[in-house]
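Now for the letters of each chain:
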Amino acid sequence: MRFGYTTGSCAAAAAKAATFMLLSGKVKEKITIITPKGIPYTADILDMHRTETSCRCAVQKDGGDDPDITTGALIYAEVSLLETEGTVMWIDGGEGVGRVTKPGLDQPVGNAAINRIPREMIRKEVMEVCNLMDYTKGIQVIISVPQGEMLAKQTFNPRLGIEGGISILGTSGIVEPMSSQAIIDTIRVELRQHRAKGETSVIVSPGNYGMDFMKKAYGYDLERSIKCSNYIGVTIDMAVELGFRKLLMVGHVGKLVKVAGGIMNTHSKEADARMEILAACALRENVEDEILREMLACVTTEEALQVLKRSSRFRNVMQQVVEKICYYMGKRAEGKLKIDCIIYTNELGELAKSKEAEQWFTLLEQEQEP
């Protein structure tokens, strides 16, 4: 699959081209930068506008074969000359680039959401041109994305407290197709935000499936939880690293039953064994052989649960699943996190929970009170 280039690479390329055209007076239709990964990126330069003291141009974002919502967006850089002594550079965000409003992100509150690595890329590429042209005064770079505010609604930015547009991102400068790293980076950002507010307890969920059940049963909005997708183990690792002391995992049994078998990445391409794990838990609770065989022949977890409901040991089996989930998550955390768990389905509601899970919602509210 074809890789693409990050918004950070696009911003750096646009800034370099604008600086070159401003200082040389020549048109630049293509520009090459070296990404942090060491891969050259040659970008077409679009929509050029020059005055005596400024130049603005754009690079179109190409996300390769990754389903990136910013693909096709124009990333603009406007470079202006400033009358200062010595080469000083200011980098800021304009239209469509978000502003940080909550602590715990890559940039401090009030800054444009242009992350550290893209800022370094912009600075490096612009300074290369300044040195080439013997320019030794101040320079200002404003990055903008006219579609940014609209695109940001399809990202995690509103949830993270980044308002008014997208973020200029990228650590390698390259977008790898279907990159799991982007998801993991987002999980880390959310965890870091919660810790920056002084929280030591965190609720984690694979997604929003079961939101109605959680609101009805516990008055809790799953939107407030950390979304870990399939990355259970990595999320635990990051929670430990960031100093959390307690973690509550809340999710649909179809996803979390895999964790009861020690599977820490629940994506179907990584591992399955849902029926085998359910059947093993049922076997420990002395469920009848006929039911065990029927469960092993099922395709979905919901189907297997309907079979299991014929047994009087149904609730015991579900409790066994929760205990195994807590055991393996606690093992991954090396005992550094107090782990609790709630499993459910939308149809059957709550299936089981660990002993102290119900206290969580009261404790969490107390911790988050000002």
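Computed from a predicted structure; not experimentally measured.

Criteria and cut-off values
- Residues numbered from 1 in each chain as written.
- Predicted model: local features only at pLDDT ≥ 70, side-chain atom pairs only at ≥ 80, totals over all residues.
- Heavy atoms only, no water.
- Salt bridge = Lys/Arg side-chain N within 4 Å of Asp/Glu carboxyl O.
- Helix = DSSP H or I, 4+ residues; strand = E, 2+ residues; numbered from the N terminus.
- Buried < 20%, exposed > 50% of the residue type's maximum accessible area, 1.4 Å probe, protein only.
- Core = buried A, V, L, I, M, F, W, Y, C linked by side-chain atoms within 4.5 Å.
- Contact = heavy atoms within 4.5 Å.

With that out of the way, let us pick up the pattern of salt bridges. For the structure on display, the rule yields 18 salt bridges. For R116, the salt bridge identified is with E120, shortest N-O distance 3.0 Å. With R116 and E120 both in helix α2 (residues 116-132) and four residues apart, this pair spans about one turn of that helix. Taking the shortest distance from any N to any O, the salt bridge between E199 and K197 comes out at 3.8 Å. The buried category is assigned to E199, whose relative accessible area is 4%. Judged by relative accessible area, K197 falls into the exposed class, the value being 53%. What emerges from the salt-bridge pattern is a single network uniting K16, K124, E125 and E128.

With that out of the way, let us pick up unusual backbone geometry. Of note in this structure, D47 is not a glycine but carries a positive phi near 50°. Within the secondary structure, D47 is located in strand β4 (residues 46-50). The backbone phi angle of A273 is positive, close to 65°, even though this residue is not glycine. With respect to the helices and strands, A273 occurs in the loop between α8 (253-256) and α9 (274-284).

Take the nonpolar core next. Core analysis: the largest hydrophobic core is formed by 51 residues, its most contacted members being L247, L308, M318, V321, I325 and I343. Apart from residues no more than four positions distant in its own chain, M318 is found in contact with L278, L305, L308, I343, L351 and A352. Counting residues in each nonpolar core, the second largest holds 43 residues, with A14, A17, A18 and I31 among its members.

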